[in-house]
Amino acid sequence: MSTLVGSHLQNGKYTVEQELGRGGFGVTYKAILHSLAQPVVIKTLDASLRRDPNFAQSQQQFQDEAKRLALCIHPNIVRVMDFFTENGLPFIVMEYIPGATLDAVVLPNTPLGEATAIHYIRQIGLALKVVHQNGLLHRDVKPQNLILRQGTDQVILIDFGIAREFSPGAVQTHTSFVSPGYAPIEQYLPQEKRTPATDVYGLAATLYMLLTAQVPAPSILRDRQPLREPREWRSDLSARVNQAVVRGMAVEPQLRPASVDEWLQLLPDSQFASQPTPSATTQAATVAVIPQHRPVSRPAPRSVPTVVAASPRSQLWRYVLIGGLAAIVAATVGALVARQPSTSNPSVAQPSPVAPPSSPAPTQEAATPAPEAISTPTPPVLPEAPEPSPPDEPEPPAPTSPEPEGDLEPAPPSTSPSLPPESENIPPEPPDEKAAEQQQEAEERAAEAAREAEKQEKERAKEQEKGDGKKRD
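How each quantity is defined
- All chains use their own residue numbering, which begins from 1 and follows the written sequence.
- The model is predicted, so local features are restricted to residues of pLDDT at least 70 and side-chain atom pairs to those at 80 or more, both for listing and for counting; the totals for chains, interfaces and linings are taken over all residues.
- Values shown for side chains rest on all heavy atoms present in the structure; no hydrogens or waters enter the calculation.
- UniProt positions are given in the numbering used here, feature names are shortened, and annotations may be inferred rather than shown by experiment.
- Secondary structure elements are defined from DSSP: runs of H or I of at least 4 residues count as helices, runs of E of at least 2 residues count as strands, and each element is numbered from the N terminus.
- Exposure is judged per residue with a 1.4 Å probe applied to protein chains only, and the accessible area is read against the type maximum: over 50% gives exposed, under 20% gives buried, and values in between give partly exposed.
- One bridge is not enough; two strands pair if DSSP finds at least two bridges between them.
- An axis is simply a line fitted to the C-alpha atoms; with a helix, the fit covers only the stretch in contact. Between two such axes, the angle follows the N-to-C directions and lies from 0 to 180 degrees.
- We call two residues in contact whenever any of their non-hydrogen atoms come within 4.5 Å of each other.
- Orientation labels follow simple angle bins: below 35 degrees gives roughly parallel, above 145 gives roughly antiparallel, 65 to 115 gives roughly perpendicular, and whatever is left gives oblique.
- By convention the crossing between two helices is left-handed if the near helix lies anticlockwise of the far one by an angle smaller than a right angle, and right-handed if it lies clockwise.
- Three classes are used: nonpolar for Ala, Val, Leu, Ile, Met, Phe, Trp, Tyr, Cys and Pro, charged for Asp, Glu, Lys and Arg, and polar for all others, with Gly counted as polar.

Chemist: I'm lost on the UniProt feature "binding site: ATP" (unreviewed entry) in the chain in this one. Help?
Modeler: The residues that UniProt annotates with the feature "binding site: ATP" (unreviewed entry) are Lys 43. Turning to its location among the elements, Lys 43 is positioned in strand S4 (residues 38-45). Owing to a relative accessible area of 10%, Lys 43 belongs among the buried residues under this scheme.

What follows is the structure, encoded as structure tokens:
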């Protein structure tokens, strides 16, 4: 086997350093372009083909490859830099792409993530669109012809050795070079209609291998060896990408998408990033706990914070109790204001302890202010009481000035106004009894209102039960 390693080409312009690989009838080398001091790739025919009677035809085909490749300008297609003939062999000079082919990245058992594989395949799909727009079929799309540029996420399509022109819908004769697992069934036939669906098959088969790290069954054996779908190898793959691969690898060309564009639209819109994809930690990583999703009890009214509203009946009772307590408090406060003799009276500085309206027990409220409500001999005045005072006790007018003691004379059970100040601290019994009676009356009125409200509530409940019974009937 002859080799060009170590030889100088074009009068020392290029120096061949190493052999990179051999194809159906070509050999690829890595060389140095001395004028730019950069590595390049040089591809030529195998020298052994010189003895072949069809060598001249092979030379023409090789030159046509160079021309076709030069027409396809795209970031994801290897770039042609030069073409020349030397020692009876044609040479194509192309850019050198540092990196590994995708088959070396994935095999033997390192399948790519779905988003990464789709990102690579979309790049090659865009490159194939340019190839097809120039009236060419690549016919050899496979992981071995895709290079992942070192240090990047860019994939480059190489090796146009068996690329051929095609006329859509026309039956054409092509050489039957195939790559088992990636070549569609029409490439096994020398005469067949040539369409972009040929490269769609190779692109879908390449995605199959990137996702599963398995070479798919050859198309010519699919009648005896059915294709195992990608999700049978990996259950974490999406149904959409699985369906795209299966459709792109349909055995019959007419069952595949007619163009690369149409097939690419079947792929899910996976967002690829060189760093870990943030979809799992930001769209939905933090799921806020919505308070409305938890059972919420209705808050009680502000005046009775310890009671939780349970039914309309309990709410009515609460309102009645609040009204009764408010009446009692109002009566007590009015009495204290009315009988205040002077601003200097020390007994007025400390009001009688009255329970806040939030207390649910009215009996405690009634008992609390009774012994300490009267600190002066002046009888209480109830300006806010809903009912007048008893007929035998005339209501004294509210004092306009606390200084004169003559305003205190109308009180019948009161002591003499000339008593010394010390006696004001000793409350006589008649005013205490009067205040207790008034408070008792207020309690009775509140209880009466509560009983009336309860009675109305029972009647309303009975009516509602009757109405519900009629509806059920």
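Next comes the rest of the write-up.
Chemist: Would you take a moment to explain the sheet that holds strand S7 (residues 99-101) for this structure?
Modeler: Think of a sheet as strands paired side by side through backbone hydrogen bonds, with each pair either parallel or antiparallel. Taking strand neighbours across the sheet as the criterion, the three strands line up as S7-S9-S10 in an open arrangement whose pairing is antiparallel. Only two strands of the sheet have a single neighbouring strand rather than two, namely S7 and strand S10 (155-157). Direction aside, neighbouring strands of the sheet carry axes that sit 30° apart on average. Here S7 pairs with strand S9 (residues 146-149) via three bridges, running antiparallel. Counted as the bridge partner of Gly 99 is Arg 149 from S9. Running over the sheet, helix H3 (residues 114-133) touches S9 and S10 and is turned about 35° from S10.

Chemist: Could you clarify how one ought to interpret the pairing of S4 in this entry?
Modeler: Each regular strand displays side chains that alternate between the two surfaces of the sheet. Along S4, six of the eight residues are buried, which leaves the element largely enclosed by surrounding structure. The pairing of strand S3 (residues 26-33) with S4 spans eight bridges and is classified as antiparallel. Residue pairing in the sheet places Thr 28 in a bridge with Lys 43 of S4. Remark: four residues form the turn of the hairpin made by S3 and S4, two consecutive strands paired antiparallel; Ala 37 in that turn has positive phi of roughly 55°. Pairing of S4 with strand S6 (residues 89-95), which is carried by five bridges, proceeds in the antiparallel orientation. Directly across from Ile 42, in S6, lies its bridge partner Val 93.

Chemist: Can you help me understand the packing of H3 against helix H4 (residues 197-212) in this one?
Modeler: Any two packed helices are characterised by the angle at which their axes cross and by the distance between the axes. At a minimum axis distance of 10 Å, the contact between H3 and H4 shows a crossing angle of 165°. The pairing of H3 with H4 is recorded here as roughly antiparallel in orientation. The two elements H3 and H4 cross, and the hand of that crossing is right-handed. For the pair formed by H3 and H4, the contact residues are Glu 114, Ala 117, Ile 118, Ile 121, Ile 124, Gly 125, Leu 128 and His 132 on the first element and Asp 199, Leu 203, Thr 206, Leu 207, Leu 210 and Leu 211 on the second. Here the residues of the contact of H3 with H4 sort into nine nonpolar, three polar and two charged.

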